[in-house]
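What follows is the residue order along each chain.
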Protein chains: 2
Amino acid sequence: MGITKSEHFTDEQNELATLAKAIGHPARIAIIQHLIKVNSCVCGDIVNELPLAQPTISQHLKELKNAGLIKGNFEGNAICYCLNEEGFNKIKGFFQHINTYLENKKNQCC
Amino acid sequence: MGITKSEHFTDEQNELATLAKAIGHPARIAIIQHLIKVNSCVCGDIVNELPLAQPTISQHLKELKNAGLIKGNFEGNAICYCLNEEGFNKIKGFFQHINTYLENKKNQCC
DNA sequence: TATTTATATTGCAATATTACGATATAGATA
DNA sequence: TATCTATATCGTAATATTGCAATATAAATA
């Protein structure tokens, strides 16, 4: 169907999925990596950096922003983007949990 | 278009995106969480655990397996699944990098 | 071997995502 | 105010994802 049955899952599961999904595109990975590199930059810089048209970048930025992974502030007539700690903190615990589990798991699978 | 221009991005960016995308569905989050809880289990257990039909679960398991996040071994006529350390190790560095960056970033955005 | 049990695959409908040209909007500047 | 610059939104085409019924496959057991 193409429609995810979110109502059958917990809020936490849906939230983690939304965050991971937002990260799950190479352009959005590239945007995140670029923001780490330059700390903060305007949308136009990202358009110059990536091989995608301006409306496409704008759309990817919107998705990252909706997921709470980046934030943007007006700076003149441009918009300055940077990472949003809040979003990343929400996934942090999930991966730490997995890592702790995997490190302590002595017995091989099955 | 719906087609991701993966050829324009680095292998690392595409790989990270594939992993995050595989995690980006509540059912697959639930599967991962269940596998952490019970360490390993057969497909049928997951079908009983989640509110989705057997073919749908099978498809989600396939995606997690293709991404390298779980592995399955035959156990009689059933298949026993558990987490695959390899896949999770690949994303580990990415999030650690982000966390280190965010912890050290003193200056506010923009 | 026939049947049962467990999982995968096929086929398909509904919906979502990706990408971009065209256009709108909003602040800066001449 | 007219124009420029930067970004967002709209509309749309191409493709991908989600979900499941029906069916196939493969190992276990009667």
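Residues numbered from 1 in each chain as written. Chains lettered and ligands numbered in written order. Predicted model: local features only at pLDDT ≥ 70, side-chain atom pairs only at ≥ 80, totals over all residues. Heavy atoms only, no water.

Visitor: Quick question: what am I supposed to make of the overall build of chain A here?
Guide: For chain A, the count of helices and strands is 5 helices and 3 strands. The helix and strand sequence of chain A, counted from the amino end, reads α-α-β-α-α-β-β-α. For chain A, the C-alpha radius of gyration of 17 Å lies well beyond 13 Å, the compact-globule estimate for 110 residues. Taken along its principal axes, the extent of the C-alpha atoms in chain A is 55 × 35 × 25 Å. Burial analysis of chain A (110 residues in total) assigns 46% to the buried set. Within chain A, contacts between residues at least 6 apart in sequence are counted, and of these 49% link residues at least 24 apart. (Helix = DSSP H or I, 4+ residues; strand = E, 2+ residues; numbered from the N terminus. Rg over C-alpha atoms; globule rule 2.2 N^0.38 Å. Buried < 20%, exposed > 50% of the residue type's maximum accessible area, 1.4 Å probe, protein only. Contact = heavy atoms within 4.5 Å.)

Visitor: Is there a simple way to think about the pattern of salt bridges in this case?
Guide: Side-chain pairing between opposite charges can occur once the charged atoms of the two side chains come close. Enumeration according to the criterion identifies 6 salt bridges over all chains in this entry. Its salt-bridge partner being Lys90(A), residue Glu15(A) comes within 3.3 Å of it at the nearest N-O pair. Here the residue Glu15(A) occupies a position in helix α1 (residues 11-23), and Lys90(A) occupies one in helix α5 (residues 85-104), the gap between them amounting to 75 residues. Residue classification places Glu15(A) among the partly exposed residues on the basis of a relative accessible area of 39%. Take Lys90(A): its relative accessible area is 42%, and that puts it in the partly exposed class. Here Glu63(B) and Arg28(B) are joined by a salt bridge, their closest N and O atoms 3.1 Å apart. Of this pair, Glu63(B) sits in helix α4 (residues 54-66) while Arg28(B) is found in helix α2 (residues 26-38), placing the two residues 35 residues apart along the sequence. (Salt bridge = Lys/Arg side-chain N within 4 Å of Asp/Glu carboxyl O.)

Visitor: Please explain the relation of the copies chain A and chain B as it appears in this structure.
Guide: Two chain copies, one operation linking them: a rotation about an axis together with a shift along it. The two copies are related by a screw operation: chain A maps onto chain B through 180 degrees of rotation and 0.0 Å of translation along the axis, at an RMSD of 0.0 Å. Read as a symmetry element, the transformation amounts to a two-fold axis. Most of the interface of chain A is mirrored in chain B: 100% of its interface residues are interface residues there too. (Least-squares fit on C-alpha atoms with pLDDT ≥ 70 in both.)

Visitor: How do you make sense of the environment of His60(B) when you look at a structure like this?
Guide: Residues and elements named next belong to chain B. Relative to the helices and strands, His-60 resides in helix α4. Looking at His-60, the relative accessible area reads 6%, which means it is buried. Residues His-60 and Ile-31, 29 residues apart in the sequence, show an inter-C-alpha distance of 8.7 Å. Setting aside residues up to four positions removed in sequence, His-60 forms contacts with His-25, Ala-27, Arg-28, Ile-31 and Leu-52.

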